[in-house]
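Descriptive analysis of the structure
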Amino acid sequence: MQDQEKPVDNVNAEVPAEPVVESVNDAAQDADASEAENETLAQLEAKVLELQDAFMRAKAEGENIRRRAQEDIAKAHKFAIEGFAEAMVPVKDSLEMALKVETPSIESLKEGVEMTLKQLSAAFEKNRLLEINPVQGEKLDPAKHQAISMVPAEQDANTVVAVLQKGYTIADRLLRPALITVAQGK
């Protein structure tokens, strides 16, 4: 029983230091790792916010461009003939002045009509409205001519005999075909 009542004299005895140092180092490494992870996470969150902001700005800019393009198209449709209208106003003015003359002579009327026709032709040319006026003997071109009838003639078949009405193109697009008569085959 004496063994049981023996006091413990080794209370102040040294405990090996290695396990404590390792656990402190592990805790410090864990804290450093956690701090690094938190810093990386904060950087990533900042980058996400920056990219979201850039995306929203780009999306808004795209919407603005689309809206402006639609407005431009609407204005283009609304004012498409503005240039042609500006070129036609002087023609109308000339015709109105001709009607105001009290006692016109045939020569003055003819001169006024010729001047007005020159104004009209200039307006057509300025706006790329060009005549299709085939000459006699020219080959029939279905893309520019519309044959109204075939007549016997002393020329090759399917060639222009007479022009009944001039045709017109606008910017290389057919507006109205020239109405023509063509020669029959011999």
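Residues numbered from 1 in each chain as written. Predicted model: local features only at pLDDT ≥ 70, side-chain atom pairs only at ≥ 80, totals over all residues. Heavy atoms only, no water.

Scanning the model with the defined rule gives five salt bridges in all. Residue R66 is joined to E63 by a salt bridge in which the shortest nitrogen-to-oxygen separation is 2.8 Å. With R66 and E63 both in helix 1 (residues 18-78) and three residues apart, this pair spans about one turn of that helix. Judged by relative accessible area, which is 40%, E63 ranks as partly exposed. For K166, the salt bridge identified is with E131, shortest N-O distance 3.2 Å. With K166 in the loop between strand 3 (160-165) and strand 4 (167-170) and E131 in strand 1 (residues 129-132), this pair connects stretches of sequence that are 35 residues apart. (Salt bridge = Lys/Arg side-chain N within 4 Å of Asp/Glu carboxyl O. Helix = DSSP H or I, 4+ residues; strand = E, 2+ residues; numbered from the N terminus. Buried < 20%, exposed > 50% of the residue type's maximum accessible area, 1.4 Å probe, protein only.)

Another point: the layout of surface pockets. Space inside the largest pocket adds up to approximately 210 Å³. Along the walls of the largest pocket sit S94, M97, A98, V101, P104, S108, L109, E111, G112, V113, M115 and T116, which together make up its complete lining. Where the lining of the largest pocket is concerned, the elements lending two or more residues are helix 2 (82-100) and helix 3 (106-126). Residue contributions to the lining of the largest pocket peak at seven residues, all from helix 3. Residues of the lining of the largest pocket, tallied by class, amount to seven nonpolar, four polar and one charged. (1 Å grid on protein atoms, 1.4 Å probe; cavity = no way out; pocket = protein on both sides within 12 Å on 5 of 7 lines; lining within 4 Å. Points joined across faces, edges and corners; volume = space filled by probe spheres on them. Nonpolar A, V, L, I, M, F, W, Y, C, P; charged D, E, K, R; others polar.)

Turning our attention to unusual backbone geometry. Outside of glycine, negative phi angles account for most residues, and trans bonds account for most peptide bonds. Not every positive phi belongs to a glycine, and R128 is a case in point at roughly 60°. Of note, R128 is situated in the loop between helix 3 and strand 1. Its relative accessible area of 53% is what places R128 among the exposed residues. Although it is not a glycine, D172 sits at a positive phi angle of roughly 65°. Overall, the relative accessible area of 80% leaves D172 in the exposed class.

Here we come to the nonpolar core. Nonpolar side chains tend toward joint burial in soluble globular proteins. The biggest cluster of nonpolar side chains holds five residues, and these are I132, V160, A178, I180 and V182. For this core, the leading source of residues is strand 6 (residues 178-183), giving three residues. The contact partners of A178, leaving out residues within four places of it in the chain, are I132, P134, K144, H145, Q146, Q165, K166 and G167. (Core = buried A, V, L, I, M, F, W, Y, C linked by side-chain atoms within 4.5 Å. Contact = heavy atoms within 4.5 Å.)

The next subject is the side chain of T169. Its location among the elements puts T169 in strand 4. Here T169 is in contact with R128, L129, L130, I132, L174 and L175, once residues within four sequence places are set aside.

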